[in-house]
Amino acid sequence: MEKARPLWANSLQFVFACISYAVGLGNVWRFPYLCQMYGGGSFLVPYIIMLFVEGMPLLYLELAVGQRMRQGSIGAWRTISPYLSGVGLASVVASFFLATYYNIINAWAFWYLFHSFQDPLPWSVCPLNHNRTGYDEECEKASSTQYFWYRKTLNISPSIQDSGRVQWEPALCLVLAWLVVYLCILRGTESTGKVVYFTASLPYCVLLIYLVRGLTLHGATNGLSYMFTPKLEQLANPKAWINAATQIFFSLGLGFGSLIAFASYNQPSNNCQKHAIIVSLINSSTSIFASIVTFSIYGFKATFNYESCLDKVILLLTNSFDLEDGFLTPSNLEQVKSYLASAFPSKYSEVLPQIKNCSLQSELATAVQGTGLSFIVYTEAIKNMEVSQLWSVLYFLMLLMLGIGSMLGNTAAILTPLTDSKVISRHLPKEAISGLVCLVNCVIGLVFTMEAGNYWFDIFNDYAATLSLLLIVLVETIAVCYVYGLRRFESDLKAMTGRTLNWYWKVIWAGVSPLLIISLFVFYLTDYILTGTLKYQAWDASQGQLVTKDYPPYALAVIGLLVASSTMCIPLVALGTFIMRCFKRKGDTPPVA
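Residues numbered from 1 in each chain as written. Predicted model: local features only at pLDDT ≥ 70, side-chain atom pairs only at ≥ 80, totals over all residues. Heavy atoms only, no water.

Chemist: So what's going on with the overall build of the protein chain? Which residues, and what values?
Modeler: Each helix and strand counted, the protein chain has 26 helices and 2 strands in total. With the principal axes as the frame, the protein chain shows a C-alpha extent of 110 × 50 × 45 Å. In the protein chain, the proportion of contacts linking residues at least 24 apart, taken out of those at least 6 apart, comes to 82%. Summed over all atoms, the accessible surface of the protein chain reaches about 25,800 Å², with 64% contributed by carbon and sulfur. Averaging the coordinates of the 37 positive side-chain charges in the protein chain and doing the same for the 34 negative ones gives two points 16 Å apart. (Helix = DSSP H or I, 4+ residues; strand = E, 2+ residues; numbered from the N terminus. Contact = heavy atoms within 4.5 Å. Areas by Shrake-Rupley, 256 points an atom, 1.4 Å probe, with all protein chains shown as cover. Lys, Arg positive; Asp, Glu negative; His and termini not counted. Charge placed at Lys NZ, Arg CZ, Asp CG, Glu CD.)

Chemist: If you had to explain the state of the cysteines to someone new, which residues and values would you point to?
Modeler: In this structure the tally under the stated criterion is 2 disulfides. Each sulfur of the disulfide joining Cys 126 and Cys 139 lies 2.0 Å from the other. In this structure the cystine formed by Cys 126 and Cys 139 twists about its S-S bond by roughly -80 degrees; its chirality is therefore left-handed. With Cys 126 in the loop between helix 6 (85–115) and helix 7 (137–141) and Cys 139 in helix 7, the pair connects residues that are 13 residues apart, well separated along the chain. In this structure, Cys 126 and Cys 139 share a single accessibility class: buried. Considering cysteine sulfurs only, Cys 442 is the nearest to Cys 173, which forms no disulfide, with 11 Å between them. Look at Cys 173 and you get buried, because its relative accessible area is 6%. (Disulfide = S-S within 2.5 Å. Buried < 20%, exposed > 50% of the residue type's maximum accessible area, 1.4 Å probe, protein only.)

Chemist: Explain the confidence of the model for the protein chain to me, using residue names and the numbers behind them.
Modeler: Per-residue pLDDT for the protein chain has a mean of 89; in total, 97% of the residues score no lower than 70. Mean pLDDT across the elements of the protein chain ranges from a minimum in helix 17 (residues 360–365), with 82, to a maximum in helix 9 (residues 168–185), with 95. (pLDDT = per-residue confidence, 0-100.)

Chemist: An account of the packing of helix 4 (residues 44–69) against helix 23 (residues 467–497) is needed here, citing residue identities and associated values.
Modeler: Orientation of helix 4 relative to helix 23, taken along the N-to-C sense of each, is 60 degrees, at an axis distance of 10 Å. The chirality of how helix 4 crosses helix 23 is left-handed. Counted together, Leu 58, Tyr 60, Leu 61, Glu 62, Ala 64, Val 65, Gln 67, Arg 68 and Met 69 of helix 4 and Val 473, Glu 476, Thr 477, Val 480, Tyr 484, Phe 489, Asp 492, Leu 493, Met 496 and Thr 497 of helix 23 form the full contact between these two elements. (Axes fitted to C-alpha atoms, helices over the stretch in contact; angles between N-to-C directions. Left-handed = near helix turned anticlockwise from the far one by under 90°.)

Chemist: Would you mind going over the pairing of strand 1 (residues 535–540) in detail, with residue names and values included?
Modeler: Sheet topology note: the strand 1/strand 2 (residues 545–550) ladder contains 6 bridges and is antiparallel. Paired with Asp 540 across the strands is Gln 545, a residue of strand 2. In textbook terms, the turn of a hairpin is the stretch between consecutive antiparallel strands, and for strand 1 and strand 2 this stretch comprises 4 residues, one of which, Gly 544, has a positive phi near 70 degrees. (Pairing = 2+ DSSP bridges.)

Chemist: Account for the environment of Leu 25, with residues named and values stated.
Modeler: Tracing the backbone shows Leu 25 in helix 2 (residues 25–29). Of the residues examined, Leu 25 reaches a relative accessible area of 2% and is grouped as buried. Taking C-alpha positions, Leu 25 is 24 Å from Lys 535, a pair spaced 510 residues apart along the chain.

Chemist: Provide a residue-level description of the pattern of salt bridges, including the pertinent values.
Modeler: Under the counting rule described, the total for this entry stands at 7 salt bridges. Between Arg 68 and Asp 492 there is a salt bridge, with the nearest N and O atoms lying 3.1 Å from each other. In this pair, Arg 68 sits in helix 4 while Asp 492 sits in helix 23, placing the two residues 424 residues apart along the sequence. Among the ionic pairs, Lys 506 bridges to Glu 490, the shortest N-O distance being 3.3 Å. On the criterion of sequence distance, the pair formed by Lys 506 in helix 24 (residues 503–531) and Glu 490 in helix 23 is long-range, its members being 16 residues apart. Of the residues examined, Lys 506 reaches a relative accessible area of 25% and is grouped as partly exposed. (Salt bridge = Lys/Arg side-chain N within 4 Å of Asp/Glu carboxyl O.)

Chemist: Now, about a nonpolar patch on the surface: what can you tell me, with residues and values included?
Modeler: A surface patch of nonpolar side chains, amounting to about 340 Å² of accessible area, comprises Leu 428, Leu 436, Leu 439 and Val 443. Mapped onto the secondary structure, Leu 428 falls in the loop between helix 20 (422–427) and helix 21 (430–445). Since its relative accessible area comes to 32%, Leu 428 is described here as partly exposed. (Patch = residues over 30% accessible without salt bridge, like charges linked within 9 Å, V, L, I, M, F, W, Y side chains within 5 Å.)

This is the structure:
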């Protein structure tokens, strides 16, 4: 007798699982960057439009497919058409790549969390050099936060060719991160359903605490005014609209198969339309909420750096021209500089190269995303706060909850098709399958703990799941609307939930979303072609900054394999199915008398 499919204990567990998966690090470290780059408040216009014409409808589509077919991604698309099994396989491959590199972020978060209990914070000051006669040269040329990230955490090599060895401390943190993930997914929905309450709610508690603290910081209003002051000319910038669509697409985790896997454990009568609206609105609201927190911190950091710069200029001029202490102030600095330049031209010209150009707007306009925002910019702000250890612990605990929550979805996308397979589940229990997946991912993930690991992390982050996801979701929408049939799918939904499908969803699924995805696909392809030779940012210890280098041929080959390995699943499986059917048809043909 076939075992009954596991179910969520209640619909709230399902919603929390989706929120925990969708609300991830991208909400905290990419959306604020896009706001900064594309006009502050004006970026919200294309973002909200894309939410309603792309994000929400496609999220509903995936949840509806999972709930209707009651299988993981491979089984769900095979049910729609045997030729579409490759769509599910492509999702599993993309999720496998994502899980492999995504958990290293959790490992780094563990590393910083453990160091957050030190006083002073280890990234707050530069270490002494070997002779103990001054500060480390690399740290002085960069900053204490950059030095801790690039040298102490990554021990980064000067190029991707210099692979170096595995760093045992980050490697242990990676093993710990995978152990935590394994314990969370050990019993499937039974254990995941309990964990998601924590991983989905704790980040909001921390963000709320950070919001209160951020708004009380000196200079926070500078950051918030920078965010909410709209630059309306950016609405005419096509890249603002493309990045808004891309952010919505990837933030919700479309195409990975995680949402289909989660929805497959629902009761057939579950109102997945309501849940799609709730999850997408919460996800986007979280991005805006996180941006308010981030820009208040940005404002504090920018104001602190700006005032520190002014203090250094004032001290330099006071000492160089023997001015009275307290005579020079930020308010009269420019006026006194003009006077000194005219009264003492020769002496002023000697000092001029040492005078920094201090600008609050330049500090606010410095846009950083990804690991640079989380592990450099935020840590620089945290080190200047009172009771910095507390804020550091809270911040990295939040990062961990966001990262682990997303990992639960990533692993579900891989495990659900495997546990659905009768061949595999007949020989291995669910716990063993979960353990093997975690073990394989952890072993491969050790590559990211090597000295060149961060360069490989960037390759996976940039190329493992971009074009392939667009293609997967495009085929999904075409499959539902034109292969399975929109009217048939509509009648299935009505029979399942008792609700008639609104015309809005049908128009978006059948026309708007496919055209939008094709536009994004063309943009990415064009961008890759026009970029020419792909480049990466390498750390130069002698200069204490990042420099641009060309990827070597073998790295380009890996990039090609990452893109092709998931996208080629779709046509190859379809071709294989067609050939198998042809052979079967021939074998079934009776001999001619």
